[in-house]
Amino acid sequence: MKGECSVAGIPLSSYHSIQMAILKVPAVLACIASLLSLTHGKLPGQAVKCTVDYLNGFLFDGISVEHADGVTSGYFAESGNLGYPSAASGLPPLCAVIVNNVTAGYRFGMFLPETWNSRLLVVGSYSFLGGINWLDMGPGARYGMASLSTDTGHNSGQGDLTWPTSESVKVNWAYQAMEGSIHLGKMLIEAYYDNKPIAYSYYSGCSTGGRQGLKQIQRDPDIFDGALIGAPAWDTKNLMPWVSRLATLHLPESSPRSINDYNLYLRLQQEVLAQCDSLDGVKDNIISAPSACRDHFDITKIRCGTTDQAYCWTQAQIETAQKMYSDYVTDDGEFVYKGLDYSSEAEWAVYLLPANPKDANNVRRGFDAQYERTFMGYGPSWQITSYNDTVVDDSRIRDERSVHATADHYDLGRFRNRGKIIMYGGLADGYVPVQHTTLYYNRTVEAMGNVDDFFRYFQIPGMGHCWGTADNVKAPWMIGSAGQAAQRPPYTAGFSVPLGYNDSRHDALLALMDWVENGNEVSQIVASEFNFTDATRQSLVLYRQRPICMFPRTAEWVGRGSQDDASNWRCT
Ligand SMILES: *[C@@H]1O[C@H](CO)[C@@H](O)[C@H](O)[C@H]1NC(C)=O
Ligand SMILES: *[C@@H]1O[C@H](CO)[C@@H](O)[C@H](O)[C@H]1NC(C)=O
Ligand SMILES: *[C@@H]1O[C@H](CO)[C@@H](O)[C@H](O)[C@H]1NC(C)=O
Ligand SMILES: *[C@@H]1O[C@H](CO)[C@@H](O)[C@H](O)[C@H]1NC(C)=O
Ligand SMILES: *[C@@H]1O[C@H](CO)[C@@H](O)[C@H](O)[C@H]1NC(C)=O
Ligand SMILES: [Ca+2]
């Protein structure tokens, strides 16, 4: 039947959304393509295809292509993007596209490189930020992949949690925008590249991005062939009350138990380093065994009166810190969330100090009163001082009933036979306690038995949340995972691991691809740390490298040779 494509004998024009039919029946795609080639006479070239009109030709009810532009300058930025204002640069020639699912209220961006290697990289978001994450999509295009990111259905900047004003906007952030963007994006990508199928689909995300990746695999085990999951904020319904409860430990502001000076965190971090560095067998400014530190550390050594007075800790502050290191268990004995780990102290400011004292959306310790106010619907007058354990029950009920942001399915089902996961976490993470990442891994093992065949977990000693390391630690941390390339020069043009370490030994995404596509199992990834060679932090030299080992193995120095050289370490 010329001019009409059908599914199971029903013409597409009678489906409400033909996208659903297309996704289910590949033959329909071929049929539509043949109609298009009839329309156009021949398949058009890149310059013709990278236009709003051409791409709109593939689309359906409630969808509009907002932007399609050939990028040859290597540079792309989207004005008005509050969550991810940074440009991506160093890009190969590509088509930058923005698609809007107007009906559902979310948008997504794609980089479609001129020279495409038939792979897709979906990148995740951070925190509650709204916007298309162009910066993290940039490296994807450098790898030769089509890359995609969703704005999660809203536009918002750091610390802003005022946007969850309706159920649908919450569900978009929880999973719907990501899921819908991937399904539609996959279809558009194949259409754009003349129906060449996507050979492999990958995911890379950290923090909220880690949660999004796990959530998507749990909802749809066929969606990715490989996922690189960093420090996942997977347990939303328990994580957010944990953050609020953390704030309450420091209230009222004037109380002697309040720890409100960055120098106090640094003093504690230095003391932890002094007492615990050697417990892992090597004195290298890196705490590789925080669990040994937990058993050994004596915090009273920095108590005022027993030590020099600069940034000494009062007994009341010491008790606050001890609660922060401990698991959050309610008064009724209900486990809520793992505690912060020893060596995470340099990042404690994130929940305890305002990022910007003048920012009304980032009130000191108010970050998560906003979660209760908006996400949980307690309303604008709810105050953090009203926090009690019942918020936990409530948070669980509301998430399970409607929003479903939490990614807490531990049986990953069919994904085991299809895809691979590399998950990682920094042992010095002060945002999402690394033990809670370990907990996800452990529960998966409990649910599925040994998962080494498809799911491997790597702990990175000395790394904070997703990237970075304290100046007095300088642990090897770069593994080419989400957001990392942008932390070191050339910043917005960052890609993989600098100085030529863009190979599957040093880059976790390339390692994952090698595992998925060639069956080369990933047992270790060599992490790198660099020194800046100039005051403006534009140039690098390699400082040290070390293998990061598949959990529960750890790296052990062989006892000779430079400790800065990865070849003198092995995983045991
Ligand atoms: C728009 O988004 C909604 C929710 O994700 C989805 O059901 C619908 O299929 C999307 N439309 C298209 C054409 O992708
Ligand atoms: C605990 O907090 C909830 C929500 O703010 C409030 O409704 C309840 O009265 C509080 N319970 C106690 C015992 O303070
Ligand atoms: C995870 O399992 C390991 C090995 O069984 C155990 O040592 C560790 O304490 C567990 N951690 C958590 C957070 O469950
Ligand atoms: C690594 O980077 C070099 C230089 O940019 C490039 O030629 C090479 O193809 C890259 N390798 C991979 C695996 O991306
Ligand atoms: C890098 O910095 C560390 C200390 O921060 C220093 O010990 C090391 O020698 C430096 N290495 C290079 C190659 O500059
Ligand atoms: Ca050490």
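None of the values given here were measured: they were computed from a predicted structure. (Residues numbered from 1 in each chain as written. Chains lettered and ligands numbered in written order. Predicted model: local features only at pLDDT ≥ 70, side-chain atom pairs only at ≥ 80, totals over all residues. Heavy atoms only, no water.)

**Comments concerning the pattern of salt bridges**
So the rule is basically this: A carboxyl oxygen of Asp or Glu within 4 Å of a side-chain nitrogen of Lys or Arg is what we treat as a salt bridge. Secondary structure is summarised from DSSP: a helix means a run of H or I of at least four residues, a strand means a run of E of at least two, and numbering begins at the N terminus for each. The buried label goes to any residue with under 20% of its type's maximum accessible area, the exposed label to any with over 50%, and the partly exposed label to all in between, with areas taken from a 1.4 Å probe on protein chains only.
With the rule as written, the count across this model stands at 20 salt bridges. For the salt bridge of K237 with E400, the shortest nitrogen-to-oxygen distance reads 2.7 Å. Here E400 lies in helix α14 (residues 390-403) and K237 lies in helix α8 (residues 236-248), a separation of 163 residues in the sequence. Residue E334 is joined to R396 by a salt bridge in which the shortest nitrogen-to-oxygen separation is 2.8 Å. Within this pair, whereas E334 is found in the loop between β10 (328-329) and β11 (335-337), its partner R396 is found in helix α14, the two being separated by 62 residues in sequence. Accessibility expressed as a relative area gives 40% for E334, which makes it partly exposed. Residue R396 is classed as buried on the basis of its relative accessible area, which comes to 14%. A network of salt bridges, in which partner residues are shared, links E66, E78, R107 and D151.

**Details of the state of the cysteines**
What counts here: Note on terminology: disulfide denotes any pair of cysteine sulfur atoms within 2.5 Å.
This model, assessed by the stated rule, comprises five disulfides. Between the sulfur of C304 and that of C312 lies a disulfide, 2.1 Å long from S to S. Since a negative S-S torsion denotes a left-handed disulfide, the C304-C312 link at about 95° is right-handed. Note on cysteine connectivity: C549 is disulfide-linked to C571, with sulfurs 2.1 Å apart. Judged by the sign of its S-S torsion, about -85°, the cystine formed by C549 and C571 is left-handed. One end of the pair, C549, is in strand β15 (residues 540-549); the other, C571, is in strand β17 (residues 569-571), with 22 residues separating them in the sequence. The same class applies to C549 and to C571, which are both buried.

**A short note on the sheet that holds strand β5 (residues 106-113)**
So the rule is basically this: Any two strands between which DSSP finds at least two bridges are classified as paired. Every axis corresponds to a line fitted to the C-alpha atoms, with the helix fit spanning only the stretch in contact, and the corresponding angles, defined between N-to-C directions, vary from 0 to 180 degrees. Note on contacts: a residue pair qualifies if any of its non-hydrogen atoms lie within 4.5 Å across the two residues.
Overall, mixed pairing links the nine strands, which are arranged β3-β4-β5-β7-β6-β8-β9-β12-β13 in an open sheet. Every interior strand has two partners, whereas the edge strands, β3 (63-71) and β13 (455-460), have only one. Strand-to-strand twist of the sheet, defined as the mean angle between neighbouring strand axes without regard to direction, takes the value 15°. One ladder, built from eight bridges, connects β3 with strand β4 (residues 94-101); its direction is antiparallel. Within the sheet, the bridge partner assigned to D69 lies in β4 and is A96. In the packing of helix α7 (residues 208-219) onto the sheet, contacts are made with β8 (200-206), β9 (226-230) and β12 (420-426), and the angle to β8 comes to roughly 140°.

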